[in-house]
Amino acid sequence: MLELLDVAQFHQLEMSVSEPLHLETFLKSDEFEIIIVDSGSTDRTLEIANKFRTRIISIEPEKFSYPYALNIGAAHAQASKYLVLLTAHSITLTETWLDEGVATCGSATNVMGVYGPLKPLPSATIWDQLFHYPRYYADLRLLIQKRVVIRKPGMGVLGFTNAIIRKDLWDQYHFNEQFGLGGEDGDWAAHWFRYGFIAIKALGFGVRHSHNLNYRGWKQQIVYWRSLGKPQTFKPLPYRSK
C-alpha cells in the first residue's frame, strides 16, 4: 500500500518544475506517488513533468486557490499515511530531505506534521536574502537541536511551502477553502493544536524558496502575511514575479 504522497502546485514554471520531481530519488522505496496539480500552464511545465513518474491533475485556472488545489491533490491520493506538500519553485536543501521529514513525522503519535526553515533561491534578490538569511541563522535553538517541538499556532508554523502532514488527520479535517488567498495551513494547524497535537520544525527538512521581491514587494508581502488570519477569496498577487 502506498504510504506517501507528494502534492506540488504548478503554473507556468517550466524552469523549476523538475526540481521537486527529483524527490523520487530520495526514497529507497517505490511505495509513494507524486501528484502535480496544474492550473492551466501553457509553457513547458507539463511536458517536463510527463518525463517523470507523476500524476498530473489539471484544474481550471478560474477555480484555483491554494487550499482547493491542495485538497484536489490529496483527494486523488492513494497514500495511506502521509501527505508531502511542496510549493512550486522550491528546492530541497539536502538529498535526505524526504527521509528526514518522514522520520520526524513518524517520531511520535501526537505529531500532526513537520516543516522546515527557508533559505532564498540562488536567483533571489538582495531583499529576499536580507529577509531569509537572518531568520534562518537567528533560529539558534533549531540550529543546535535540529528538531524543535511546536505546541501552538503562529506565523509560519507548519507552513505548506514545505510540510509533511498525517493523511488520517487530513481525512478528518480538510484544508479550509474559505482561506483561498492563503492561511489554510495556519487554520489547519490551529485546528489540531486544539486537540493536543504538536508540530515539529526540522532543520534537515528545509528548502530554498523565494519570490524575487524588491523592497516595495517585501512591504506588500508583509501586509499580505498579516492578513492571513481571516478567510479571503483567492486573487493573484501582482507584486510577485513567481
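The structure presented is a predicted model; accordingly, all values stated were derived computationally and were not measured.

Enquirer: Any chance you could explain the nonpolar core here in plain terms?
Expert: A general tendency of soluble globular proteins is for nonpolar side chains to be buried together. Counting 26 residues, the largest nonpolar core has M112, L158, F160, I165, F175 and W188 as its most contacted members. Looking at this core, the elements with two or more residues in it are α3 (66–75), β4 (82–87), β6 (111–115), β8 (147–150), β9 (162–166), α7 (167–172) and α8 (184–193). Ranked by residues supplied to this core, first place goes to α8 with 4 residues. Beyond its immediate sequence surroundings of up to four residues, F160 is in contact with L70, L85, L86, T87, I165, F175, E184, D185 and W188. By size, the runner-up hydrophobic cluster in this structure holds 11 residues, among which are Y82, A202, F205 and V207.

Enquirer: Looking at this structure, how should I read helix α4 (residues 97–105)?
Expert: Working note: α-helix, 3.6 residues per turn, so residues spaced by three or four point in the same direction. Listed in full, the buried residues belonging to α4 are W97, L98, G101, T104 and C105. Down the axis of α4, the buried side of the element spans an arc of 135 degrees, and every buried residue falls inside it.

Enquirer: Help me out: how do you make sense of the sheet that holds strand β11 (residues 207–208) in this one?
Expert: With mixed pairing, the 3 strands of this open sheet are ordered in space as β5-β11-β7. Lying at the two open borders of the sheet, with one neighbouring strand each, are β5 (91–92) and β7 (118–119). Of the strand pairs in this sheet, β5 and β11 are connected by 2 bridges, and their pairing is antiparallel. Each residue of the ladder has a partner; that of I91, found in β11, is R208.

Enquirer: Where do I start with the environment of I200 in this structure?
Expert: Position of I200 relative to the elements: it lies in strand β10 (residues 198–202). Relative accessible area serves as the criterion here: at 6%, I200 is assigned to the buried category. Contact partners of I200, with chain neighbours within four places excluded, come to T104, S107, V111, G113, V114, Y115, R147 and V148.

Enquirer: Just to check I follow, could you spell out a nonpolar patch on the surface for this structure?
Expert: On the surface, a nonpolar cluster with roughly 440 Å² of combined accessible area is contributed by I126, W127, L130 and Y215. A per-element tally of the nonpolar patch places helix α5 (residues 126–138) first, with 3 residues. With respect to the helices and strands, I126 occurs in helix α5.

Enquirer: Any chance you could explain the packing of aromatic side chains here in plain terms?
Expert: How two aromatic rings sit relative to each other is given by the distance of their centres and the angle of their planes. All chains considered together, the criterion is met by 16 aromatic pairs. Judged by centre distance (5.5 Å) and plane angle (85 degrees), the rings of F64 and Y66 are edge-to-face. Taking relative accessible area as the criterion, F64 reaches 15% and is therefore assigned buried. Here Y136 and Y137 contribute two aromatic rings whose centre-to-centre distance is 4.9 Å and whose plane-to-plane angle is 75 degrees, an arrangement assigned as edge-to-face. On the basis of relative accessible area, Y137 is assigned to the partly exposed category, the value being 45%. Ring pairing ties together the aromatic residues F160, F175, W188, W192, Y195 and F197, which thus form one cluster. A cation sits over an aromatic face here: K119 above Y136, 4.6 Å from the ring centre.

Calculation rules
Sequence order sets the numbering: in each chain, residues are counted from 1 along the sequence as written. Two thresholds apply to this predicted model, a pLDDT of at least 70 for residue-level local features and 80 or more for giving and counting side-chain atom pairs, whereas whole-chain, interface and lining totals are computed over all residues. Computation of side-chain values covers all heavy atoms of the structure but excludes hydrogens and water. The set of buried Ala, Val, Leu, Ile, Met, Phe, Trp, Tyr and Cys residues whose side-chain atoms join them within 4.5 Å is what this entry labels a nonpolar core. Here the term buried applies to any residue with accessible area under 20% of the maximum for its type, exposed to any over 50%, and partly exposed to those in between, with areas from a 1.4 Å probe on protein chains only. Elements are defined by DSSP. Helices are runs of H or I of four residues or more, strands are runs of E of two residues or more, and each kind is numbered from the N terminus. Contacts are assigned to residue pairs with any non-hydrogen atoms lying within 4.5 Å of each other. Throughout, the arc means that of the directions going from the helix axis to the C-beta atoms. For two strands to be treated as a pair, DSSP must find no fewer than two bridges joining them. Put simply, a patch holds well-exposed residues, over 30% relative accessible area, that have no salt bridge, with like charges counted together within 9 Å and Val, Leu, Ile, Met, Phe, Trp or Tyr side chains within 5 Å. For the area figures, the Shrake-Rupley method with a 1.4 Å probe applies, and any residue is considered shielded solely by the protein chains shown. Between Lys or Arg on one side and Asp or Glu on the other, a salt bridge is scored when a side-chain nitrogen of the former is within 4 Å of a carboxyl oxygen of the latter. Paired rings are identified among Phe, Tyr and Trp, the last through its six-membered ring, by centres lying within 6.5 Å, and are further divided according to the angle between planes into stacked (under 30 degrees), edge-to-face (over 60) and tilted (the rest). The rule is short: NZ of Lys or CZ of Arg within 6 Å of the ring centre and within 35 degrees of the ring normal puts a charge over the ring.

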